[in-house]
Amino acid sequence: MINRFFKIYKELSIVENSGKKIGLFRTICSIFGGLLVAYLAMTLLVFIIPGSAGESIIVPLMFNTFAWAIASLWICLSISKLVALKRVLIPTFILTIAITIFIVGN
């Protein structure tokens, strides 16, 4: 079982030789992971911006497509599949914890 995880880890951490091909895994990670990170960041912005939720939702909605594009580009330009996966999971985990803190705190 442990050997299987090491094999998957080794396969994911292989650095691409050429930057000409993005690959299906990094493309899917960049599209859906960028969307997830952007929406979580915009949700966190709703809690951070002072005022009611109805008033403070305008700014995150306006910047959502820009944030999605930036997050997707950042994920897509990773050097390996493992780095792309980490660029999705780590911000998602941090933003989820921050949103949870804001929800429980209120």
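One can find the structure itself at the top, above this paragraph.
Positions within a chain are numbered from 1, following the residues in the order the chain's sequence is written. Restriction of local features to residues with pLDDT of at least 70 applies here, the model being predicted, together with a cutoff of 80 or more for giving and counting side-chain atom pairs; totals for whole chains, interfaces and linings are based on all residues. Processing note: side-chain calculations cover all non-hydrogen atoms of the structure and skip hydrogens and water entirely.

Quick look at the overall build of the protein
To keep it simple, the criterion reads: Here a strand is any run of E in DSSP of at least two residues, a helix any run of H or I of at least four, and the numbering for each starts at the N terminus. The atom set for the radius of gyration is the C-alpha atoms, and the globule formula is 2.2 Å times the number of residues raised to the power 0.38. Three labels apply to residues, based on accessible area from a 1.4 Å probe with only protein chains included: buried if under 20% of the type maximum, exposed if over 50%, partly exposed otherwise in between. Residue exposure ignores everything except the shown protein chains as possible cover, and the areas themselves are Shrake-Rupley values with a 1.4 Å probe.
Per the secondary structure count, the protein includes five helices and zero strands. Counting from the amino terminus, helix and strand elements in the protein follow one another as α-α-α-α-α. The C-alpha atoms of the protein give 17 Å as radius of gyration, which overshoots the globular expectation for 106 residues (13 Å, by more than 25%). Counting only C-alpha atoms, the protein reaches 50 × 35 × 15 Å along its principal axes. The buried share of the protein, reckoned over its 106 residues, is 27%. Taken as a whole, the protein presents about 7700 Å² of accessible surface, with 75% of it coming from carbon and sulfur.

What to know about helix 5 (residues 81-105)
The condition that has to hold: For a helix, the expected span equals 1.5 Å multiplied by the residue count minus one. By the convention used here, residues are in contact when the closest approach between their heavy atoms is within 4.5 Å.
In a regular helix each residue adds 1.5 Å, so 25 residues correspond to 36 Å; helix 5 covers 36 Å between its end C-alpha atoms and thus fits that length. By the burial criterion, the buried members of helix 5 are Leu 82, Ala 84, Val 88, Pro 91, Thr 92, Leu 95 and Ile 99. Summarising the contacts, the buried residues of helix 5 are in contact with helix 1 (2-12), helix 2 (24-48) and helix 4 (58-76).

Some details on the side chain of Ser 72
Tracing the chain through its elements places Ser 72 in helix 4. The buried category is assigned to Ser 72, whose relative accessible area is 14%. Ignoring any residue separated from it by four or fewer positions in sequence, one finds Ser 72 in contact with Ser 30, Ile 31 and Gly 34.

Some remarks on the packing of helix 2 against helix 4
Operational definition: For every element, the axis is a line fit to its C-alpha atoms; helices are fit only across the contacting stretch, and the angle between N-to-C directions ranges from 0 to 180 degrees. Crossing handedness: left-handed means the near helix sits turned counterclockwise from the far one by under a right angle, and right-handed means the same turn made clockwise. We call Asp, Glu, Lys and Arg charged. Ala, Val, Leu, Ile, Met, Phe, Trp, Tyr, Cys and Pro are nonpolar, and the rest, Gly among them, are polar.
The interhelical angle for the contact between helix 2 and helix 4, taken along N-to-C directions, is 145°, at an axis separation of 7 Å. In terms of crossing hand, the pair formed by helix 2 and helix 4 is right-handed. Taken together, the residues of the contact of helix 2 with helix 4 break down into 16 nonpolar, five polar and one charged.

Thoughts on the packing of helix 2 against helix 5
Which entries qualify depends on this criterion: Oblique is the label for any angle not under 35 degrees, not over 145, and not in the 65 to 115 range, which are roughly parallel, roughly antiparallel and roughly perpendicular in turn.
It is the contact of helix 2 with helix 5, at a shortest axis distance of 9 Å, that shows an interaxial angle of 20°. Comparing their axes, helix 5 and helix 2 come out roughly parallel. Helix 5 is crossed by helix 2, and the crossing has left-handed handedness. Contacts from Phe 25, Arg 26, Cys 29, Gly 33, Leu 36, Val 37, Leu 40, Ala 41, Thr 43, Leu 44, Phe 47 and Ile 48 of helix 2 reach helix 5 at Lys 81, Ala 84, Leu 85, Val 88, Pro 91, Thr 92, Leu 95, Thr 96, Ala 98, Ile 99, Phe 102 and Ile 103. For the contact of helix 2 with helix 5, the class distribution of residues is 18 nonpolar, four polar and two charged.

Considerations on the state of the cysteines
Selection rule: We call a pair of cysteine sulfur atoms a disulfide when they lie within 2.5 Å.
With the rule as written, the count across this model stands at zero disulfides. In this structure Cys 29 is not part of a disulfide, and its nearest cysteine sulfur, from Cys 76, lies 10 Å away. Judged by relative accessible area, Cys 29 falls into the buried class, the value being 10%. A relative accessible area of 15% places Cys 76 in the buried class.

Everything listed here is a matter of coordinates, which is why it stays silent on function.
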